[in-house]
Structures are given as structure tokens and as C-alpha cells.
Amino acid sequence: AQSVTQLDSQVPVFEEAPVELRCNYSSSVSVYLFWYVQYPNQGLQLLLKYLSGSTLVKGINGFEAEFNKSQTSFHLRKPSVHISDTAEYFCAVSEGRYGNKLVFGAGTILRVKS
Amino acid sequence: NAGVTQTPKFQVLKTGQSMTLQCAQDMNHEYMSWYRQDPGMGLRLIHYSVGAGITDQGEVPNGYNVSRSTTEDFPLRLLSAAPSQTSVYFCAAGLLGQGRNEQYFGPGTRLTVT
């Protein structure tokens, strides 16, 4: 079974600073990778996904992630964060026959300070 | 188009009680799943379904039952609630198949078992 490790449980950052949320996965075979965001007291919303092709993936709200097969990483970045980016971010990898089963990391809470 | 809806939003149960968490989707997606979210553990898959009449166990199925009689509905039943089942439960729906893996999440049900 696959596993996902999010290396930081909390990341505090000042507004307008850049941020990187780190994610490593265990699989050595082809994978589909996702980042989801959860705002307080809400469900999860897809930020971006990597299925194939270009290793740099752009998502919503100015976020992007880079797939690195040799390092089995899928780090999420944003060049300038806003207060409204304060949320919990989950990295996930898909597995299973149909590729629909998601294995999630433990989550990283991004706290943006003014 | 409501997407994925879940009822109730909040529920308090006593140990040993049973209940059903409801999940419905109006997107005609084949794949539906239930996750539980616990602090520091991300989301863990309880049960999933690839179509009406077809269900299977995920990572943490003990104490839960599911059925899928229609494409739209995927209820989760707690047979005899235990304090360890205190959690936030999310239902998700998605298209089936490699490369179509995005999952759409409901708003969640917060369950407390005393």
C-alpha cells in the first residue's frame, strides 16, 4: 500500500511571503498525485492534480506543485500568500484498480500572519 | 446542481446506539466513498463503491456498513457506536477510471460518541 508523508504539520508565514508545503510519497510505480485544501469547517476542495505530462502543475488560487519522480516528491508552492490562504492542505496519491482510492497525508496547517 | 450533500451536519450518539449518515450526489458519478478525518491522521478510507450494487472495504472498515442501491445515494451505517468513532466523516464522489480521479467532497458530518 502506498503512503504519503507531509513533512510539516504546521507552517506559519507572513502575508505576501512565499511558501512551500512538502509532500513525499512511497510508490515507485506510476502515480496520480493531488493537493486538496480544507478551509475551516468545510469539506475538501481540489487545488491541483498531476496525472502525466509536465512536471509543473498549476492550480487554483495561484498555487503550483512540482512532481519529482526521482525524489518521490510533490511539493506545493505559492510565491506570495494571502491571509485567505490560511487553511489545512492535504497531499494525496491515488491507488487501486480504477485509480480512485485516495491515500492522504496527515495534513499541513498553513497559518498566514499579517 | 448541489454536488455532494451530507446529512446531518452534527450528531451526538451514546455508546451502543446505531445511526446512518446520509450521502447523496447529483453528478451521476460512478465512484463514491466515505472517509473519516481525525487530527494528525489526515483522511482514511472507510468504504467505497464503484457503482450501484458494488461496495468494498477501505483502510478502516470495522464498525461500519454501507450499501449502494442507487447511483445517487451511499449511506454509511454505524452498527453500535463507540467513542473511537468520534470523528468528522466525509463522503466523496467521482468519475471512474484512470485519469479521471478528481473526487468531489461533501461538507462533512461531525459525529461525537459519548
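Shown above is the structure to which this text applies.
Residues numbered from 1 in each chain as written. Chains lettered and ligands numbered in written order. Predicted model: local features only at pLDDT ≥ 70, side-chain atom pairs only at ≥ 80, totals over all residues. Heavy atoms only, no water.

(A) Summary view of the packing of aromatic side chains. For the structure shown, the criterion picks out twelve aromatic pairs over all chains. Aromatic pair A:Y25 and A:F67: ring centres 6.3 Å apart, planes at 20°, arrangement stacked. Highlighted residues: A:Y25 in strand 4 (residues 23-25) and A:F67 in strand 8 (residues 64-68), separated in sequence by 42 residues. Here A:Y25 and A:F67 have matching classes, each one buried. Summarising the aromatic geometry, the rings of A:F34 and A:Y36 are spaced 6.3 Å apart at their centres and angled 35° between planes, so their arrangement reads as tilted. On the basis of relative accessible area, A:Y36 is assigned to the buried category, the value being 0%. Taken together, A:F34, A:Y36, A:F90, A:F104, B:Y35 and B:F105 form an aromatic cluster joined through their ring pairs. A cation over a ring is seen here: B:R68 above B:F74, with NZ or CZ 6.0 Å from the ring centre. (Phe/Tyr/Trp six-rings, centres within 6.5 Å; stacked < 30°, edge-to-face > 60°. Helix = DSSP H or I, 4+ residues; strand = E, 2+ residues; numbered from the N terminus. Buried < 20%, exposed > 50% of the residue type's maximum accessible area, 1.4 Å probe, protein only. Lys NZ or Arg CZ within 6 Å of the ring centre and 35° of its normal.)

(B) Fine view of the interface of chain B and chain A. At the junction of the two partners, chain B supplies 24 residues and chain A supplies 24 residues. The interface formed by chain B and chain A contains one salt bridge. Residue A:K49 is joined to B:E102 by a salt bridge in which the shortest nitrogen-to-oxygen separation is 3.9 Å. On the surface where chain B and chain A come into contact, there are five residue pairs in polar contact (both at pLDDT 80 or more). Those elements giving two or more residues to the side of chain B that touches chain A turn out to be strand 4 (31-38), strand 5 (42-51) and strand 10 (103-105) of chain B. No other element matches the five residues that strand 5 of chain B contributes to the side of chain B that touches chain A. The class makeup of the residues in the side of chain B that touches chain A is twelve nonpolar, nine polar and three charged. (Contact = heavy atoms within 4.5 Å. Salt bridge = Lys/Arg side-chain N within 4 Å of Asp/Glu carboxyl O. Polar contact = N/O pair within 3.5 Å; in protein donor to acceptor, adjacent residues only side chain to side chain. Nonpolar A, V, L, I, M, F, W, Y, C, P; charged D, E, K, R; others polar.)

(C) Representation of the state of the cysteines in the model. What the rule picks out here adds up to two disulfides over all chains. A disulfide bridge connects A:C23 with A:C91, and the sulfur atoms are separated by 2.0 Å. A torsion of -65° about the S-S bond marks the disulfide between A:C23 and A:C91 as left-handed. Taken together, the residues A:C23 in strand 4 and A:C91 in strand 10 (residues 87-95) connect sequence positions 68 residues apart. For A:C91, a relative accessible area of 0% translates into the label buried. Note on cysteine connectivity: B:C23 is disulfide-linked to B:C91, with sulfurs 1.9 Å apart. In this structure, the disulfide formed by B:C23 and B:C91 twists by about -70° around the S-S bond and is classed as left-handed. (Disulfide = S-S within 2.5 Å.)

(D) Fine view of the sheet that holds strand 7 (residues 64-66) of chain B. All names here are of chain B. Pairing in this open sheet of four strands is antiparallel, and the strands run 1-3-8-7 from one edge to the other. Two strands close off the open sheet at either side, each with one partner strand: strand 1 (4-7) and strand 7. Each adjacent strand pair in this sheet contributes to an overall mean axis angle of 20°, direction not counted. Direction of pairing for strand 3 (residues 19-25) relative to strand 8 (residues 76-78): antiparallel, over a ladder of three bridges. Residue pairing in the sheet places M19 in a bridge with L78 of strand 8. (Pairing = 2+ DSSP bridges. Axes fitted to C-alpha atoms, helices over the stretch in contact; angles between N-to-C directions.)

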